[in-house]
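# Survey of secondary and tertiary structure
Listed below are the residues making up each chain.
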Amino acid sequence: MRRGGQAAANAAFGILLALALLLSYVEVLLPLSIGIPGVKLGLANLASLVCLYLFGIRRAALLSVLRIVLTGFLFGNMAAILYSLSGAALSLTAAALAKRSGGFSALGVSVLGAVFHNLGQLIVASLVVQNRGLFWYFPLLLLGGVIMGALIGMLTAEVLKHLPASLCGARD
């Protein structure tokens, strides 16, 4: 990659990280209570998905880890960091595999990522509290994941359409 291209890619990565932190903060401010502990909209996943499409899995993973740790220290706690990291690891893996397969649009990649994020968090929660009964939440989490994953996927597709071509070729 040309030196100027690397500078543009680094600047875009910084902007995506700032956007992810901003969207995480907005999510903290929104009073969402649907009766399921820990359920969030997942707005910051927009930045993670755009990063995955622009730069690939390595930078998307870095963005996710940085966002989760910074958000956890700013607005949450260590438990939130643990649950979010577990969900992000499974989510990003599923999303990257779906994207690489070529058989999924941004919407499909996002929905798979959202569902696997919920599954990852549920697995860790069941291990932490040593109760497999938590998996009764999965159908509700699945529904929420599909709905929010579809919304984030549509937004991702729109954002990607409007980015300059020079940035879209800035992969690692």
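Residues numbered from 1 in each chain as written. Predicted model: local features only at pLDDT ≥ 70, side-chain atom pairs only at ≥ 80, totals over all residues. Heavy atoms only, no water.

## Brief notes about the overall build of the chain
- Looking only at helices and strands, the chain features seven helices and zero strands.
- Listing every helix and strand of the chain by position from the N terminus yields α-α-α-α-α-α-α.
- Dimensions of the chain, computed from C-alpha atoms along their principal axes, come out at roughly 50 × 35 × 25 Å.
- Burial statistics for the chain: of 172 residues in total, 42% are counted as buried.
- For the chain, restricting intrachain contacts to residue pairs at least 6 apart in sequence, the fraction spanning at least 24 positions comes to 68%.
- Of the accessible surface of the chain, which amounts to about 9,600 Å², a share of 70% is contributed by carbon and sulfur atoms. (Helix = DSSP H or I, 4+ residues; strand = E, 2+ residues; numbered from the N terminus. Buried < 20%, exposed > 50% of the residue type's maximum accessible area, 1.4 Å probe, protein only. Contact = heavy atoms within 4.5 Å. Areas by Shrake-Rupley, 256 points an atom, 1.4 Å probe, with all protein chains shown as cover.)

## Comments concerning the side chain of E27
- When you line up the elements, E27 lands in helix α1 (residues 3–29).
- A distance of 3.2 Å separates a polar atom in the side chain of E27 from the backbone nitrogen of L41.
- Excluding residues that lie within four positions of it along the chain, E27 makes contacts with K40, L41, G42, L43 and A44. (Polar contact = N/O pair within 3.5 Å; in protein donor to acceptor, adjacent residues only side chain to side chain.)

## A short note on the packing of helix α2 (residues 45–55) against helix α6 (residues 138–161)
- Put simply, α2 and α6 touch, their axes get as near as 9 Å, and they point 50° apart. Considered as vectors, α2 and α6 are oriented oblique to each other. Judged by the sense of rotation from one axis to the other, the crossing of α2 with α6 is right-handed. Here N45, L46, L49, V50, Y53 and L54 of α2 lie close against α6, whose contacting residues are I152, L155, T156, V159 and L160.
- Its residues assigned to classes, the contact of α2 with α6 shows nine nonpolar, two polar and no charged. (Axes fitted to C-alpha atoms, helices over the stretch in contact; angles between N-to-C directions. Parallel < 35°, antiparallel > 145°, perpendicular 65-115°, else oblique. Left-handed = near helix turned anticlockwise from the far one by under 90°. Nonpolar A, V, L, I, M, F, W, Y, C, P; charged D, E, K, R; others polar.)

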